[in-house]
Amino acid sequence: MADHGGAARPLTARAGSALKGSAKVPGDKSISHRAFLFGGLASGRTRVTGLLEGEDVVATGRAMRAMGARIERDGEAFVVEGVGNGCLLEPEAPLDFGNAGTGARLTMGLAGAYDFGTTFVGDASLSRRPMGRVLDPLREMGVQVAARTGDRLPLTLRGPRVAAPIEYRVPMASAQVKSAVLLAGLNAPGVTTVIEPVMTRDHTEKMLEGFGARIEVTTDAAGTRTIRLEGQGELTGVADFTVPGDPSSAAFPIVAAAIVPGSDVTVTNVLMNPTRTGLVTTLLEMGASIEILNPRRSGGEDVADLRVRHAPLVGVTVPESRAPSMIDEYPALAVAAAFAQGRTVMVGLEELRVKESDRLAAVAAGLAANGVAHEEGRDSLTVTGDPDGRGYGGGTVATHLDHRIAMSFLVLGLACPKGVTVDDARMIATSFPEFESLMAGLGAVLEPAKPAG
Ligand code: S3P
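All values derive from a computational prediction rather than experimental measurement.

Cut-offs used in this document
- Residues numbered from 1 in each chain as written.
- Predicted model: local features only at pLDDT ≥ 70, side-chain atom pairs only at ≥ 80, totals over all residues.
- Heavy atoms only, no water.
- Salt bridge = Lys/Arg side-chain N within 4 Å of Asp/Glu carboxyl O.
- Helix = DSSP H or I, 4+ residues; strand = E, 2+ residues; numbered from the N terminus.
- Buried < 20%, exposed > 50% of the residue type's maximum accessible area, 1.4 Å probe, protein only.
- Phe/Tyr/Trp six-rings, centres within 6.5 Å; stacked < 30°, edge-to-face > 60°.
- Near = heavy atom within 4 Å.
- Polar contact = N/O pair within 3.5 Å; in protein donor to acceptor, adjacent residues only side chain to side chain.
- Areas by Shrake-Rupley, 256 points an atom, 1.4 Å probe, with all protein chains shown as cover.
- Nonpolar A, V, L, I, M, F, W, Y, C, P; charged D, E, K, R; others polar.
- Domains from an automatic or database assignment.
- Pairing = 2+ DSSP bridges.
- Axes fitted to C-alpha atoms, helices over the stretch in contact; angles between N-to-C directions.
- Parallel < 35°, antiparallel > 145°, perpendicular 65-115°, else oblique.
- Left-handed = near helix turned anticlockwise from the far one by under 90°.
- Contact = heavy atoms within 4.5 Å.
- Buried area = accessible area lost by both parts, 1.4 Å probe.

Glancing now at the pattern of salt bridges. Close approach of charged atoms allows side chains with opposite charge to pair. Counted according to the given criterion, the structure contains 34 salt bridges. Of the charged contacts, one joins Lys 178 and Glu 205 as a salt bridge, the two residues approaching to 2.8 Å between their closest N and O atoms. One end of the pair, Lys 178, is in helix α6 (residues 175-185); the other, Glu 205, is in helix α7 (residues 203-210), and 27 residues separate them in sequence. Among the salt bridges present, the one from Asp 264 reaches Arg 307, with a minimum N-O distance of 2.7 Å. You can see Asp 264 sitting in strand β15 (residues 264-271) and its partner Arg 307 sitting in strand β17 (residues 301-309), a full 43 residues away along the chain. With relative accessibility at 26%, the residue Arg 307 sits in the partly exposed group.

As a further point, take helix α10 (residues 330-337). Residues that lie three or four places apart on an α-helix share one face, since the helix turns once every 3.6 residues. Counted residue by residue, α10 has 8 buried out of 8 residues, so it is predominantly covered. Of the positions making up α10, those classed as buried are Tyr 330, Pro 331, Ala 332, Leu 333, Ala 334, Val 335, Ala 336 and Ala 337.

The next subject is the packing of aromatic side chains. Scanning all chains against the criterion turns up 8 aromatic pairs. Seen in terms of ring centroids, Phe 36 and Phe 78 are 5.8 Å apart; in terms of plane orientation they differ by 90°. Their pairing is edge-to-face. Of this pair, Phe 36 sits in helix α1 (residues 29-41) while Phe 78 sits in strand β5 (residues 77-82); the two residues are 42 residues apart in sequence, bridging distant segments of the chain.

Once that is clear, we can look at the site of the ligand. All residues in the neighbourhood of the ligand are listed as Ser 30, Arg 34, Thr 102, Ala 173, Ser 174, Ala 175, Gln 176, Arg 201, Ile 327, Asp 328 and Lys 355. Arg 34 places a side-chain nitrogen or oxygen 2.7 Å from an oxygen atom of the ligand. Residue Ser 174 places a side-chain N or O atom 2.7 Å away from an oxygen atom belonging to the ligand. Here the ligand, which alone exposes 380 Å², has 95% of that area covered by the protein. Residue composition of the shell around the ligand, grouped by class: 3 nonpolar, 4 polar and 4 charged. Counting contributing residues, the shell around the ligand receives three or more from each of domain 1 (11-27 + 244-448) and domain 2 (29-241).

Strand order in the open sheet formed by 4 strands is β4-β5-β3-β14, and the pairing between neighbours is mixed. Each of the sheet's edge strands pairs with one partner strand only, and the pair in question is β4 (70-74) and β14 (240-242). Pairwise comparison of adjacent strand axes, ignoring direction, gives a mean angle of 25° for this sheet. The pairing of strand β3 (residues 44-49) with β14 spans 3 bridges and is parallel. Within the sheet, the bridge partner assigned to Thr 49 lies in β14 and is Thr 242.

Where helix α3 (residues 101-112) contacts α6, the axes come no closer than 6 Å and their chain directions differ by 30°. By the angle between their directions, the pair α3 and α6 is classed as roughly parallel. Handedness of the α3/α6 crossing: right-handed. Taken together, the residues of α6 that come into contact with α3 (itself represented by Gly 101, Thr 102, Arg 105, Leu 106, Gly 109 and Leu 110) are Gln 176, Ser 179, Ala 180, Leu 183 and Ala 184.

Our next topic: the domain arrangement of the protein chain. Domain boundaries assigned for the protein chain yield domain 1 (11-27 + 244-448) and domain 2 (29-241). Its C-alpha centre places domain 1 at a distance of 29 Å from the equivalent point of domain 2. Across the boundary between the two partners, domain 1 contributes 25 residues, which contact 26 residues of domain 2. For the pairing of domain 1 and domain 2, the buried interface totals around 2100 Å² over both sides, and the portion due to carbon and sulfur atoms is 49%.

Moving on, we come to the pairing of strand β21 (residues 373-376). Where β21 lies against strand β22 (residues 380-385), 4 bridges are found, and the strand directions are antiparallel. Note on β22: the bridge partner recorded for Glu 376 is Leu 381. What sits between β21 and β22 in their antiparallel hairpin is a turn of 3 residues.

Right, let's get into the packing of helix α8 (residues 247-259) against helix α12 (residues 403-413). The contact between α8 and α12 brings their axes to 9 Å, and the two run at 15°. The orientation of α8 with respect to α12, classified from their angle, is roughly parallel. Seen along the crossing, α8 lies across α12 with a hand that is right-handed. On the side of α8, the interface is formed by Ser 248, Phe 252, Val 255, Ala 256 and Ile 259, while α12 contributes Arg 404, Met 407, Ser 408 and Val 411. Taken together, the residues that form the contact of α8 with α12 break down as 6 nonpolar, 2 polar and 1 charged.

Now for the sheet that holds strand β1 (residues 11-14). Spatially, 4 strands are ordered β23-β24-β1-β25 in an open sheet, and the strand pairing comes out mixed. The two strands at the open ends of the sheet, each matched to only one other strand, are β23 (396-397) and β25 (445-448). Sheet topology note: the β1/strand β24 (residues 420-422) ladder contains 3 bridges and is antiparallel. Across the sheet, Leu 11 pairs through a bridge with Val 422, a residue of β24. Sheet contacts for α12: β1, β23, β24 and β25; angle to β24, the most-contacted strand, approximately 165°.

Structure (structure tokens):
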């Protein structure tokens, strides 16, 4: 099984001067995974610029190579030569996805419907995460699953000779499940239908269309989406594919500027797809000063630059319906809420329990360790803020192999005179390798901490 080698790397963030300047966040993780997956599957060449070179995405690239794709760097870009839809090769060795749920689950869909065996392994975090949500629909399509411990990694998939197209109603708000079923449908004859009662990020639908798949999306009056994909059609490489900046990474400098007094930071090239902008919407409701500058189109998506200045925040209730559009941003929002006047109530968070860590428990424990008043419910979190926050900090946060827990609590530390330590900063490299240098460039104080014990 994959691990992350070497010793944990504790890191401390503490309050220094105001954060100032401009920063460009790396490419969107969701779109970068899909660029390697779809580019590696499509026939012909796809040139990808702006790709996130985080460990998660690198693992997906390695998996696609193992199944026949060619991926080469060309200066700042990556050139992907795909195999053609239906023509993936059987990998000779287990595919190791490290920490990456998206890479593992989407590749299960992509490779699972092939008449060969594919073994999936990952790190301790990924090996704890539920895979049944993807395996259940794959079983309906005829895929056999061999797993040692329940529906968890490590596991091996073997597709039938001909996969059955299915109609599948996604039982939880999950873009990964939706995507896995659609990707399996690419290798099944006939039409695979996914019904999505709650809209989640739509990168798979949009990008498949861009790669030439026959895909049709309808939305009824209640907002339920029906996605129909014709299987076994041709996919063709996209000559120039641009990955916009990741709003989930932008969340960290945005929240940092919102809570550190005197800050004025511009985060450039941020994806503004409405399925991803819940944090910005919520911060604006809380009174944050965020200007949306230079709105423009890039790579078929809306992008903008966000200028964030420190301003007083007030607590709000975040509607449950907004959860899918900010599902990865609740840890960062909890940190902003710590500095808001009054209570911030977050509900409908059950999916946070099955992320890289149990994020609800990890956030609550991190807040507790640093003196932030809060209440953890089964699927909710309430934070009672203190705009002054002078008593906060001094704690060490257990990150549980979760990059977003590490970055969120380092951001908390930037507004605490006593500072905040995270027990291990290594996982930050899975999604945001330049986090430390980018934050330091804005004036953040981040320094190595002594290992605990
Ligand atoms: C992702 C979907 C979300 C998100 C993850 C990326 C994707 O997961 O949390 O970081 O790229 O499809 P779920 O589908 O489990 O909600």
